[in-house]
Amino acid sequence: MNDPGLGEPIQEGFQHVTRSLRDKTHHEHHESQQSLGPRAAFRHELEVDEEEEQVGFNQPKRWWFTSTAFPLIAGTFGPLANLFSVCALVQTWRVAIPEGETETKGSRVSDPAWLLVLNAVSLALALLANVMLLLNFAHRVRYTVAQPLTIILWYISAILLIIPLGMTSDLVIHPTSTHAFAQSYYYAIISATLYIVVSSLLVLNVMGAYVFKEYPPSFNSLTIPQRTLMLQTVSYILYLALGAGVFSAIEGWAFCDGLYWADYTLLTIGIGSDFPLLKSVSRALLIPYAAFGIMMIGLLVGSVRGLVLERGKTKMVKRSLAKERETLKRDKRGSGDMSGWKKQEFECMRRMENRAQIVQRYSALGTSFFVFVVVWLAGALVFWFSEMVPHPSLLSENIKSAHQVTQRPQKWTYFEALYFSYTSLLTIGYGDFYPQSNSGKPFFVVWSLIAIPTVTVLISNLGDTLVTYLKNGLLWVGERTLLPERHKHRVKAIDVGGKKKAAEESQADASDSATGLGGDVERLGEAIEKGEEERGHAGSLTARIAKEISRLAKDVGASPAVQYGWNDWDKWLDMLGMHDRQRAEGPLGNVAQEWTWLADDGPLFSWMSETEWVLEKLCTRLEQVLEEELREARRSSNHK
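Residues numbered from 1 in each chain as written. Predicted model: local features only at pLDDT ≥ 70, side-chain atom pairs only at ≥ 80, totals over all residues. Heavy atoms only, no water.

## Brief notes about the side chain of Glu 251
Note the threshold: Strands are runs of DSSP state E lasting at least 2 residues, helices are runs of H or I lasting at least 4, and numbering of each runs from the N terminus. Only protein chains enter the accessibility calculation, which uses a 1.4 Å probe; a residue is then buried when its area is under 20% of its type maximum, exposed when over 50%, and partly exposed in between. Counted as positive: Lys and Arg. Counted as negative: Asp and Glu. His and the chain ends are not counted at all. Think of a salt bridge as a Lys or Arg side-chain nitrogen and an Asp or Glu carboxyl oxygen that are within 4 Å of each other. Counted as a polar contact is a pair of N or O atoms within 3.5 Å, where, for protein atoms, one must be capable of donating a hydrogen and the other of accepting one, and residues adjacent in sequence contribute only when both atoms are in side chains. Contacts: residue pairs with any heavy atoms within 4.5 Å of one another.
For Glu 251, the location among the structural elements is in helix α9 (residues 224-251). Among buried charged residues, Glu 251 stands out as having no salt bridge; its nearest opposite-charge side chain is Lys 279, 5.9 Å away. A polar contact is formed between the side chain of Glu 251 and the side chain of Ser 282, at a distance of 2.4 Å. Look past the residues within four positions of Glu 251 in its chain and what remains in contact with it is Pro 276, Leu 277, Leu 278, Lys 279 and Ser 282.

Put into structure tokens, the structure is as follows:
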């Protein structure tokens, strides 16, 4: 599921859904004024999402993590921990190994009744904690009630699993050479760990709200797209569990083995294993199951790209710009040469923007590459320990016989573990190596669910940096070696047919902008411009503003966003009457409105694109000019 070619259509689909939701709530705004029900509350949240995104980059990183990222992580990994608790409950924790076989062929050994009770109570409390968290996200239960209950219930669930895990020595059956722990035992370890982690993250969230008072005690800081990502993850986990249950029942597998199979199937790793589909029914069911599962993965990838990459990039750029602006303030303090909408400040804005984007791209690439390496090397280390034959020095005296050592099914070296981890990360899945131990399979499930999104983020960041340079380099080499004629024809076509090409692009832009808000604004501008011409005021301020609005409307939603040169800005600022704007006198840093290009509401720091920012200002200006003309017309008619 790491095909970079899927990135653009998936991301476009994510953005289309988000825009559709906002457009729908805009048209239904009058209903929210009359209704106090949940639909009105939902529409209201969509409307304020943009506002929350705008202020998000000003919030310190640590508090953004505690207020937004930590609840999102808890809502995502909580259900996953529940699934692993199910695995710990439905199978016994111990197996008996037949003579000459490995632990994967072991038969189940019944567990004590107290162990089953602790497992069942832990799962029930954890499910209740998840329900409370979801109700908290949906604002059905107050934060002050739901959040403490969620934390307490998850901690209790972890403790109830830790108690039998701490009594491992009492659960060991002798001789140890013919008995081993099953996958369910290791799923209990993973589940207890996740319960502790997610509840601790929520504790930090509560501390930020009540102790440090950095944000209100609620989950209002989570936007609708962020909650959508969480719900998509929960849906995928439920779908994974459904497939594990159905296919294990048909094929006669254990549920834990079915989960392992469903995991590498839906993630398209396809490593091949000792769980092939042998029955026609399961092979037939695989077709729709894999198709819908891969579509769900695609939705998750689109959400990750939209939230982690696109919005994360924007926030990183804004924070970097804010730091550069503070440095510029100190350098220019008291100089007074940064006043007014001047070309000097415009060029400064462009330099700051370019530097911030470069820093963001390579910082994101470095961070994602570091995470990739850690996931790869650490995962390989765990697989090495789980799949290798223990060294004799690590064995006790009573299990050093050759027969006892053979309970581990494979004899991986660390290099082979690295090889397996790498081919799994990239979803190559040769199938020559795959985990067979009872500890390796549970770890593979949780590791792959973390590793595959990690590679997706890395590939996206590579596309913004190294892949772009590689593509340009190959084109440069091709134009000078294998395809020189193509280069000449391309230059000639641009020189000779430049006007035709520009006209075609303009027509395409006009066609694209024929629908939606951009098309409405464009048609409005054209209508006003035409009306001014009919009145004989073709060169009036109203006509000129309307013409620029029509032009800018074609650039709304362009990807990448259009950046305009100084000549365009100089013309627009003249129409807006901003050339004469002067800031209050005083030392830099003491006046609230001493910045223009670099102001918080200026074009650089605004959450809108340059096109949207200018378009909003021109529409407001056009409204003012039309009102002035209307008042003037009324005064003229009164005088008559």
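Let us keep going from here.
## Some remarks on helix α8 (residues 183-211)
Inclusion rule: In a helix, the anticipated span is given by 1.5 Å times the number of residues less one.
An ideal rise of 1.5 Å per residue puts 42 Å on 29 residues; α8 measures up with 41 Å between its terminal C-alpha atoms. Positive phi appears at Lys 213, one or two residues downstream of α8, with a value of about 55 degrees.

## What to know about the packing of aromatic side chains
Cut-off, in case you're wondering: Aromatic pairing here means that ring centres of Phe, Tyr or Trp (its six-membered ring) are within 6.5 Å. Orientation follows from the plane angle: under 30 degrees is stacked, over 60 is edge-to-face, and everything else is tilted.
Applying the stated criterion across every chain yields a total of 36 aromatic pairs. Ring geometry for Phe 65 and Phe 70: centres 6.4 Å apart, planes at 40 degrees, overall tilted. Take Phe 65: its relative accessible area is 39%, and that puts it in the partly exposed class. On the basis of relative accessible area, Phe 70 is assigned to the buried category, the value being 15%.

## A closer look at the nonpolar core
Stated formally: Here, the term nonpolar core denotes a set of buried Ala, Val, Leu, Ile, Met, Phe, Trp, Tyr and Cys residues that are joined through side-chain atoms within 4.5 Å.
Ranked by size, the top nonpolar core spans 86 residues in total, and within it Phe 84, Trp 154, Tyr 236, Leu 259, Trp 261 and Phe 444 carry the most contacts. The contact partners of Tyr 236, leaving out residues within four places of it in the chain, are Leu 266, Leu 267, Gly 293, Met 296, Ile 297, Leu 300 and Leu 449. Ala 356, Leu 604, Phe 605 and Leu 622 belong to the second largest nonpolar core, which has 28 residues in total.

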